[in-house]
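Examining the three-dimensional arrangement
Each chain, letter by letter, is given below.
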Amino acid sequence: MAKIQAIRGMNDILPEQTPVWQYLEDTVRRVLQSYSYNEIRMPILEQTELFKRSIGEVTDIVEKEMYTFEDRNGDSLTLRPEGTACCVRAAEQHGLLFNQTQKLWYCGPMFRHERPQKGRYRQFNQIGVECFGIPGPDIDAELIIMTARLWKELGLLANVSLQINSLGTTAARAVYRDALVEYLRANIDALDEDSKRRLESNPLRVLDSKSQSTQDILDGAPDFSDYLDDESKAHFATLLETLDQSGISYEVNSRLVRGLDYYGKTVFEWVTNDLGAQGTVCAGGRYDGLVEQLGGKATPGVGFAMGVERLILMLESLDKIPAEVNNNPDVFIVSVGEGTQIEAFKVAEILRNQFLSINVQTHCGGSNKNRLKKIDKSNVPITLIIGENELKNKSVIIKTLQDKSEGSQNKQQVEVPVADLLNKIEAYL
RNA sequence: GUGGGCGUAGCUCAGUCGGUAGAGCUCAGGAUUGUGAUUCCUGCGGUCGAGGGUUCGAUCCCCUUCGUCCACCCCA
């Protein structure tokens, strides 16, 4: 019989991995909290219409990447491909946006039916941050400053760089799009096949073509910055000034466009060269029209999302995971002989009563030799041994397994009364 | 959706120019008398990804399929 495996592109995160995830999530949570952002949790299923109306009907996500199905009522539901639309829907539904500012974040799985590759999976996790109700560039800057702090906390700052652009208002973008299309049509023979196709479906996306010949053509193309409306120009200038004053370096990239239709004015991406073909670890921008587009009162919004798997890959490949991030016990209790198992449980509880944060492991089954070998290999700092003599003496042996020298077997251990264990063990913790 | 690499033990991999397989690690037990370096011995563990074809015989050759990795498209 065929074995049942996980769905393609949907990965189990195994016990060996979870400490890294917890470390990343804890760090992010701490940073977001320090900027006064509050967590919101949304369902992973939404009405299909939500994504069609927000992301854009002709985007790849909506056209061919969504997990969409009918439920038993015949309603069309979709596993969320991204979080912003869900967050807007939730905030709007519960009246969080009515004349109010909201600073929100969320974390969880997103789903896109693409071919998996390094840093890209069909179920992947994003940490998203959204701010509603603030129209000015100050909040755009705060979000970027916050992400920069996060990279610093994670030790990744030297390995990421910030790309930033302004897409202007919808009207300005339309004028630019026409100018770009006119230019590209005149040079259509030099474009690669993908770009020719995009020219019809989504001309702005030709700008970030990976084809060198297309990029050469684009060198002579109209520049986005020349088409920005005054308001967007001023907004962008203030944002850049704030970043300058805050010591955040960036590269203005007038060819940076985003794949989702709702972005306008500010867009940005944090990119890296350490992830293979997937360069983007964090991306976002402003979406002032989205709330209204989804039926709410006009409310400005800006946000970004980070790819958790990509950040984990970076942490691993750059060896940025702190040594204390692991599952290793701090104390391992080995019991040897008749009746000692019960005593081991009692001693473990005594330790946990006093030091709840330490990791105490007791064994069940197996031989002492292999247990000690395993403890030795995993660098558990403290081993407690309870044998029949100790049981009789109401004592335990405190042993450190770090000394590998000849004849050290019984030297690195000390027998202490159980009543005195809490005092004595503190010297080892 | 397209292209390429790879599927042999729980893991990392050898191997058979076609005669149904091996190592290291892991795991269990022992040499070791309540106690860990390094050794040494023994044992558990594989329908060689699946299906079909050629053949006396296929893990090996051919076809199909599935899985996986990487890249394209696109994106976090």
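For clarity, every value in this text was computed on a predicted model and none was experimentally measured.

1. Re the protein's contact with RNA strand B
- Residues in close proximity to RNA strand B total 59 residues, the closest being Arg120, Arg198, Arg205, Glu390 and Leu401.
- What you see for RNA strand B is that sugar and phosphate hold 54% of its atoms within 4 Å of the protein.
- Val281 is positioned with one of its backbone polar atoms (N or O) 3.2 Å from a sugar or linking oxygen of RNA strand B.
- In the environment of RNA strand B, a sugar or linking oxygen lies 3.3 Å from a nitrogen or oxygen atom belonging to the backbone of Gly307.
- Among the elements that line the surface near RNA strand B, the one with the most residues is helix α13 (residues 368-377), at eight residues.
- Tallied by class, residues from the surface near RNA strand B come to 14 nonpolar, 20 polar and 25 charged.

2. Quick notes on the packing of aromatic side chains
- In total, this model carries seven aromatic pairs according to the counting rule given.
- Between the aromatic rings of Trp151 and Trp270, the centroid separation amounts to 5.9 Å while the plane-to-plane angle is 75°, which identifies the pairing as edge-to-face. Linking Trp151 in helix α5 (residues 137-154) with Trp270 in strand β9 (residues 264-271), this pair joins segments that are 119 residues apart in sequence.
- Overall, Trp151 belongs to the buried group, its relative accessible area being 0%.
- Residue classification places Trp270 among the buried positions, given a relative accessible area of 2%.
- Grouping aromatic residues by their ring pairs yields a cluster made of Phe132, Tyr262, Tyr263 and Tyr287.
- For Lys297, the ring lying beneath its charged end belongs to Phe98, and the centroid distance is 4.6 Å.

3. Digging into the domain arrangement of chain A
- The domain boundaries assigned to chain A delineate domain 1 (18-168 + 228-317) and domain 2 (331-426).
- Between the C-alpha centres of domain 1 and domain 2 there is a distance of 49 Å.

4. Let's talk about the sheet that holds strand β7 (residues 161-166)
- Strands sit in the order β1-β5-β6-β11-β10-β9-β7-β8 across an open sheet of eight strands; the sheet is mixed. The open sheet terminates on both sides in strands that have one partner only, identified here as β1 (38-39) and β8 (251-252).
- The pairing of strand β5 (residues 102-111) with strand β6 (residues 123-132) spans ten bridges and is antiparallel. Each residue of the ladder has a partner; that of Cys107, found in β6, is Ile127.

5. Looking at the packing of helix α1 (residues 18-34) against helix α11 (residues 308-317)
- The geometry of α1 relative to α11 is characterised by a closest axis approach of 11 Å and an angle of 110° between their N-to-C directions. On the basis of their axis angle, the class for α1 and α11 is roughly perpendicular. In terms of crossing hand, the pair formed by α1 and α11 is right-handed. Contacts between α1 and α11 involve Val20, Trp21, Tyr23 and Leu24 from the former and Val308, Glu309, Leu311, Ile312 and Leu315 from the latter.

6. Side note on the packing of α5 against helix α9 (residues 230-245)
- Contact geometry of α5 with α9 gives a least axis separation of 9 Å together with a crossing angle of 40°. In terms of orientation, α5 and α9 fall into the oblique class. Regarding α5 and α9, the two cross each other, and that crossing is right-handed. On α9, the residues touching Pro137, Asp140, Ala141 and Ile144 of α5 are His235, Thr238, Leu239, Thr242 and Leu243.
- Counted by class, the contact of α5 with α9 contains five nonpolar, three polar and one charged residues.

7. Examining the pattern of salt bridges
- All told, the structure shown has 17 salt bridges when counted by the stated rule.
- Where salt bridges share partners, they join Asp140, Arg286 and Asp288 into one cluster.

8. Focus on a nonpolar patch on the surface
- Taken together, Ile44, Leu45 and Phe69 make up a surface patch of nonpolar side chains, about 220 Å² in accessible area.
- On the basis of relative accessibility, which here comes to 32%, the residue Ile44 falls in the partly exposed class.

9. Points about the pairing of strand β4 (residues 76-79)
- Note that strand β2 (residues 45-47) and β4 share three bridges and pair antiparallel. Counted as the bridge partner of Gln47 is Leu77 from β4.
- Judged from the four bridges that link them, strand β3 (residues 67-70) and β4 form a sheet pairing that is antiparallel. Bridge assignment links Phe69 to a residue of β4, and that residue is Leu77.

10. Here's the deal with the environment of Ser211
- As for its position among the elements, Ser211 is in the loop between α7 (193-201) and α8 (212-218).
- Ser211 sits 57 residues away from Phe268 along the chain, and the two C-alpha atoms are 22 Å apart.

11. Structural notes on the sheet that holds β4
- Pairing is antiparallel in the open sheet, where three strands are placed in the order β2-β4-β3. This sheet does not close on itself; its edge strands, each paired only once, are β2 and β3. Adjacent strand axes in the sheet meet at a mean angle of 35°, parallel and antiparallel pairs treated alike.
- Lying over the sheet, helix α2 (residues 48-55) contacts β2, β3 and β4, oriented at roughly 75° with respect to β2.

What counts, and where the lines are drawn
Residues numbered from 1 in each chain as written. Chains lettered and ligands numbered in written order. Predicted model: local features only at pLDDT ≥ 70, side-chain atom pairs only at ≥ 80, totals over all residues. Heavy atoms only, no water. Near = heavy atom within 4 Å. Polar contact = N/O pair within 3.5 Å; in protein donor to acceptor, adjacent residues only side chain to side chain. Helix = DSSP H or I, 4+ residues; strand = E, 2+ residues; numbered from the N terminus. Nonpolar A, V, L, I, M, F, W, Y, C, P; charged D, E, K, R; others polar. Phe/Tyr/Trp six-rings, centres within 6.5 Å; stacked < 30°, edge-to-face > 60°. Buried < 20%, exposed > 50% of the residue type's maximum accessible area, 1.4 Å probe, protein only. Lys NZ or Arg CZ within 6 Å of the ring centre and 35° of its normal. Domains from an automatic or database assignment. Pairing = 2+ DSSP bridges. Axes fitted to C-alpha atoms, helices over the stretch in contact; angles between N-to-C directions. Parallel < 35°, antiparallel > 145°, perpendicular 65-115°, else oblique. Left-handed = near helix turned anticlockwise from the far one by under 90°. Contact = heavy atoms within 4.5 Å. Salt bridge = Lys/Arg side-chain N within 4 Å of Asp/Glu carboxyl O. Patch = residues over 30% accessible without salt bridge, like charges linked within 9 Å, V, L, I, M, F, W, Y side chains within 5 Å. Areas by Shrake-Rupley, 256 points an atom, 1.4 Å probe, with all protein chains shown as cover.

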